[in-house]
Amino acid sequence: MSRPEDTLPPDLFYNDTEALKYTTSSRIQAIQSSMTHRCLELLSLPGPSLILDIGCGSGLSGEILDSYNHTWIGMDISPSMLGVALDRETTGDLLLADMGQGIPFRAGSFDAAVSVSAVQWLCNAETSDVTPQGRLSRFFEGLYASIKRGGKAVLQFYPKNDAQRQMITAAAVKAGFGAGMLEDDPGTKNAKLYLVLTVGSGGDLSGRDITDAVKGMEGVDIVDERRRGIEKKRGETAKEWVKRKKDRDRKKGKIVKSDSKYTARKRRIQF
Amino acid sequence: MKILTTNYLACAVKTCKSEPAAFPLHFKDAELAREELELNPEFIKNVLPRIDWPALAQTAAELGFTTLPSQKPENLDEQTMKDLHTLLMETQVMEGKLVCGNCGYEYNIKEGIANFLLPNHLV
């Protein structure tokens, strides 16, 4: 699969021809609509809500939001994409803005936020005076502030590799979100990753866990990685501790002496 | 751009964060249009608590709507609901500028789309 992020910045990549191609492709339309449905399923909003669509493009995802009676405000960096959205007479409000520069809304504006195939663009810095980390943290901090307490955000994105996936989730957690990841069709070429974010613990989510967002959904297994590793450390012997550290270094690719019966034994005085 | 959206928009310039004058943004040379939309009472009820009423009154006054009550309506009857719907959802700004009251930065609005792209040194 070719990655448009690697070729050009988004405002230049999605020019008039690319934007039209993207919007009229029935394959992309079908994928976008199924992913937006999934996002809404994860949000499980109680009624008509105000939703922020990050990287709304030509409003393909917005149409789905409309069909659920929600009102949405979309932001995108590509003027051509927004031009196509105007031609298609979408009902949502459009904003030409760069998500890496923050979210230009006051605190607690939205009930929820969705983003379909956009966040991976933040992992690329197009000029030398910005860094991906800086853009990611500005984006997530802005997003955290603009969603009301107890609200949720679901961001679908295509990370290039594990490092990108790690970078994006770490930035979200650092901004204060409660974060969980849902992967559809894992291990296949069509794997789709949804980052589910919760804001604060008040409101609808009081006393609930991030895993509750997917509870009751069909075919979803919960893998909780938050406590992994911590429990192991309790009550381990000195020998286990040494072995664990050696294992860790081995995984890092360091040169580690092989284990023997003398490993972690004390050096006693011989006579 | 809907009036509803302008009630949430704040200046994106870094130095304007946490400045009270940066919200709401003020309209300049605004051209208005009206687009008929279906009334969605549940949505209005949902967003009303989060609407900054003094800011809305200020924006409305700038655009020439003076019929807005000075206090946020407590209980919504059908007529207030309709009026709010007309103002928040149906009234749209097509051309003009949004100006920050703190730094004076002007955000252009063209065909109903506001340009919030900032030069890098302001972010």
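Residues numbered from 1 in each chain as written. Chains lettered and ligands numbered in written order. Predicted model: local features only at pLDDT ≥ 70, side-chain atom pairs only at ≥ 80, totals over all residues. Heavy atoms only, no water.

(A) Spotlight on the UniProt feature "domain: Methyltransferase type" (unreviewed entry) in chain A. UniProt tags residues 52-154 of chain A as "domain: Methyltransferase type" (unreviewed entry). For residues 52-154 of chain A, the end-to-end C-alpha separation is 11 Å, with 31% helix and 27% strand making up the annotated structure. (UniProt positions renumbered as here; feature names shortened; annotations may be inferred. Helix = DSSP H or I, 4+ residues; strand = E, 2+ residues; numbered from the N terminus.)

(B) Representation of the domain arrangement of chain A in the model. For chain A, the domain assignment lists domain 1 (4-227) and domain 2 (229-271). Just the C-alpha atoms count here: the centres of domain 1 of chain A and domain 2 of chain A sit 44 Å apart. (Domains from an automatic or database assignment.)

(C) A look at the pattern of salt bridges. Residue and element names in this part refer to chain A. Taken as a whole, this structure holds 20 salt bridges over all chains when the rule is applied. For D185, the salt bridge goes to K192, with nearest N and O atoms at 3.7 Å. R248 is the salt-bridge partner of D249, the closest N and O atoms lying 3.5 Å from each other. The structure contains a network of salt bridges with shared partners spanning K246, D247, R250 and D259. (Salt bridge = Lys/Arg side-chain N within 4 Å of Asp/Glu carboxyl O.)

(D) Geometry of the interface of chain A and chain B. With 30 residues of chain A at the contact, the number on the chain B side is 29 residues. Both faces considered, chain A and chain B share a buried interface measuring about 2500 Å² in area, 57% of it formed by carbon and sulfur atoms. It is D93, Q101 and R106 of chain A in chain A that bury the most area against chain B; as a group they hold 27% of the surface buried on that side. Our count for the chain A to chain B interface comes out at one salt bridge. Note that D111 of chain A is salt-bridged to R50 of chain B, the shortest N-O span being 2.7 Å. On inspection of chain A and its partner chain B, the count reaches 17 residue pairs in polar contact (both at pLDDT 80 or more). By residue number, the principal contributor to the side of chain A that touches chain B is strand β3 (residues 93-96) of chain A, which donates four residues. Residues that form the side of chain A that touches chain B fall into these classes: 14 nonpolar, nine polar and seven charged. (Contact = heavy atoms within 4.5 Å. Buried area = accessible area lost by both parts, 1.4 Å probe. Polar contact = N/O pair within 3.5 Å; in protein donor to acceptor, adjacent residues only side chain to side chain. Nonpolar A, V, L, I, M, F, W, Y, C, P; charged D, E, K, R; others polar.)

(E) Structural view of the sheet that holds strand β2 (residues 91-99) of chain B. Taken together, the 11 strands give an open sheet; going across it, the order is β6(A)-β7(A)-β5(A)-β4(A)-β1(A)-β2(A)-β3(A)-β4(B)-β3(B)-β2(B)-β1(B), and neighbouring strands pair in mixed fashion. Where the open sheet ends on each side, the last strands, each with one partner, are β6 (178-184) of chain A together with β1 (26-34) of chain B. Taking the axes of each pair of neighbouring strands and ignoring which way they run, one obtains an average angle of 20 degrees across the sheet. Two elements, strand β1 (residues 50-54) of chain A and strand β4 (residues 110-116) of chain A, share four bridges in a ladder whose sense is parallel. Opposite D53 of chain A, over in β4 of chain A, you have V114 of chain A as the bridge partner. (Pairing = 2+ DSSP bridges. Axes fitted to C-alpha atoms, helices over the stretch in contact; angles between N-to-C directions.)

(F) Seen up close, the pairing of strand β2 (residues 71-76) of chain A. All names here are of chain A. Extensive coverage of β2 is indicated by the burial of six of its six residues. The alternating pattern of β2 places T71, I73 and M75 on one face and W72, G74 and D76 on the opposite face, and all of these are buried. Running through helix α4 (residues 60-67), the crossover from β1 to the neighbouring parallel element β2 is right-handed. Bridge analysis of β2 against β3 gives four bridges, and the strand direction is parallel. Looking across to β3, one finds that D76 is bridged to L96. (Buried < 20%, exposed > 50% of the residue type's maximum accessible area, 1.4 Å probe, protein only. Right-handed = clockwise from strand over helix to strand, strands pointing away.)

(G) View of helix α5 (residues 79-87) of chain A. Taken together, the buried positions of α5 of chain A are S80, M81, L82, V84 and A85 of chain A. Buried residues along α5 of chain A sit against α2 (16-24), β2 and β3 of chain A together with β4 (113-115) of chain B. Directly beyond the C-terminal end of α5 of chain A, a positive phi value near 50 degrees is found at E89 of chain A.

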